[in-house]
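# Chain and residue survey
Below, each chain spelled out in residue letters.
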Amino acid sequence: MSVLGAIIGDISGSTREFEREKLSGKDDVVLLPPNSFFTDDSVMTCAVGNTVRRWLALPGEEQTEERFKAALVTEMQTMGMLYPGRGYGRRFAGWLEDPDPTPYHSLGNGSAMRVSSVSFLARSREECEQLARWSAEVTHNHPEGVKGAVCTAALGFLARTEKDKSLLRAAAAEYYPELSDPSFTVAWLYDTYQFTEWCQHTVPQAVECFLEADSFAETIVNCIYIGGDCDTSAAIAGGIAEAYYGIPEELKNRAVEMLTRDDATGDLVSAVQGLYRENGSVS
Ligand SMILES: [Mg+2]
């Protein structure tokens, strides 16, 4: 298991990302609607997943920060080139084409939306947080950009084994104290939340959508219901919800079908298959 939760969130939110009018109710949310499509969030999720998987297969002495970051930069640029025009932010699009790319102090939510594989592949919470930090730092070396990635990955890591949501809430509130405020709810976010691409205004909202849900599907529904940059918030919450609940087979199969339909080069599908191969759950 590892990246399909984020991909399902991304595809499901893709048709709503730029809608400023909110839906009138949760019943209006459709997961994986026929006209939806994968965006930058899925592409970069697969790039991080490929990098983490290959890095963890290296002999221990070669598992260095420098090696990880160099491989990640190459992989993100390669994947970005293979899938152009998928909604990359302006500065990130420039970074993708830069022959000598350097971090640009971003605090955007892109660091958190691409990190879900780390929750599943890391062998300890310490390793999880370290890989999440490194994965952010190649572009999002602002403290808020790093924090968003670390919180998302750590919560996904904990969600695999810890099925007590009050403990998960407490862990997430160490990064974002608003998560312990009883008035910070999906209902309140529906009334007040506005579009933002800032990490610190996307990750806690995505986490609340997960914490209040009773299933994987409801997590994604909540993210789209509150509005905003919902392909990204649903990608963030989708990875955490996958770690906690798993994904219903029907949704998993439809997501792979939609990816296959739109994946001209096949690189995204093979990234997903590579990440799931050990579990044999995606053929
Ligand atoms: Mg996107």
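Residues numbered from 1 in each chain as written. Predicted model: local features only at pLDDT ≥ 70, side-chain atom pairs only at ≥ 80, totals over all residues.

### Observations concerning the overall build of the protein
Rules: Note on conventions: DSSP H or I runs of at least 4 residues are helices, E runs of at least 2 residues are strands, and numbering of each starts at the N terminus. Put simply, the radius of gyration uses C-alpha atoms, and a globule should come to 2.2 Å times the residue count raised to 0.38. Three exposure classes are used. Buried residues have 20 or more other C-beta atoms within 10 Å of their own C-beta, exposed residues have 12 or fewer, and partly exposed residues fall in between, all C-beta atoms being placed from the backbone.
Assigned secondary structure in the protein consists of 15 helices and zero strands. Taking 283 residues into account, the globule formula puts the C-alpha radius of gyration at 19 Å, and the protein, at 17 Å, falls close to it. Across its three principal directions, the C-alpha atoms of the protein cover 50 × 40 × 35 Å. Taking all 283 residues of the protein together, the buried fraction comes to 52%.

### Thoughts on helix α1 (residues 4-13)
When you tally the buried positions in α1, you get ten out of ten residues, the bulk of the element. Of the positions making up α1, those classed as buried are L4, G5, A6, I7, I8, G9, D10, I11, S12 and G13.

### Considering the environment of Y276
Looking at the secondary structure, you find Y276 in helix α15 (residues 267-276). C-alpha separation for the pair Y276 and L4, spaced 272 residues apart in sequence, amounts to 9.2 Å.

### Remarks on unusual backbone geometry
Among all residues save glycine, negative phi is the norm, and among peptide bonds the norm is trans. Although it is not a glycine, L32 sits at a positive phi angle of roughly 50°. Along the chain, L32 turns up in the loop between α1 and α2 (40-56). Backbone geometry places H105, a non-glycine residue, at a positive phi of 60°. Looking at where H105 falls in the secondary structure, it is placed in the loop between α4 (90-97) and α5 (110-113). For H105, a count of 12 C-beta atoms within 10 Å puts it in the exposed group.

### Quick notes on the packing of α1 against helix α14 (residues 249-262)
Selection rule: To get an axis, fit a line to the C-alpha atoms, keeping to the stretch in contact for a helix; angles then go from 0 to 180 degrees between the N-to-C directions. Throughout, the term roughly parallel applies to angles under 35 degrees, roughly antiparallel to angles over 145, roughly perpendicular to angles from 65 to 115, and oblique to all others. With the far helix as reference, a near helix turned anticlockwise by less than a right angle produces a left-handed crossing, and one turned clockwise produces a right-handed crossing. The contact criterion used here is simple: two residues whose C-beta atoms, placed from the backbone, lie within 7 Å are in contact. In this classification, Asp, Glu, Lys and Arg are treated as charged, Ala, Val, Leu, Ile, Met, Phe, Trp, Tyr, Cys and Pro as nonpolar, and every other residue, Gly included, as polar.
Between α1 and α14, whose axes approach to 10 Å, the crossing angle comes to 70°. Relative to α14, the element α1 lies roughly perpendicular. Considering the relative orientation of α1 and α14, their crossing is left-handed. Mapping the contact onto sequence places L4, I7, I8 and I11 in α1 and L251, K252, A255, M258 and L259 in α14. In the contact of α1 with α14, the residues fall into eight nonpolar, no polar and one charged.

### Points about helix α13 (residues 230-245)
Of all 16 residues in α13, 15 are buried; the element is thus mostly enclosed. Once α13 ends, the next one or two residues include G246, with phi positive near 75°.

### What to know about the packing of α1 against helix α12 (residues 216-226)
For the pair α1 and α12, the least separation of the axes is 10 Å and the interaxial angle reads 40°. In terms of orientation, α1 and α12 fall into the oblique class. Crossing of α1 against α12: the hand is right-handed. Side by side, α1 and α12 meet where G5, I8, G9, S12 and G13 of the first sit next to F216, I220, C223 and I224 of the second. Classifying every residue of the contact of α1 with α12 gives five nonpolar, four polar and no charged.

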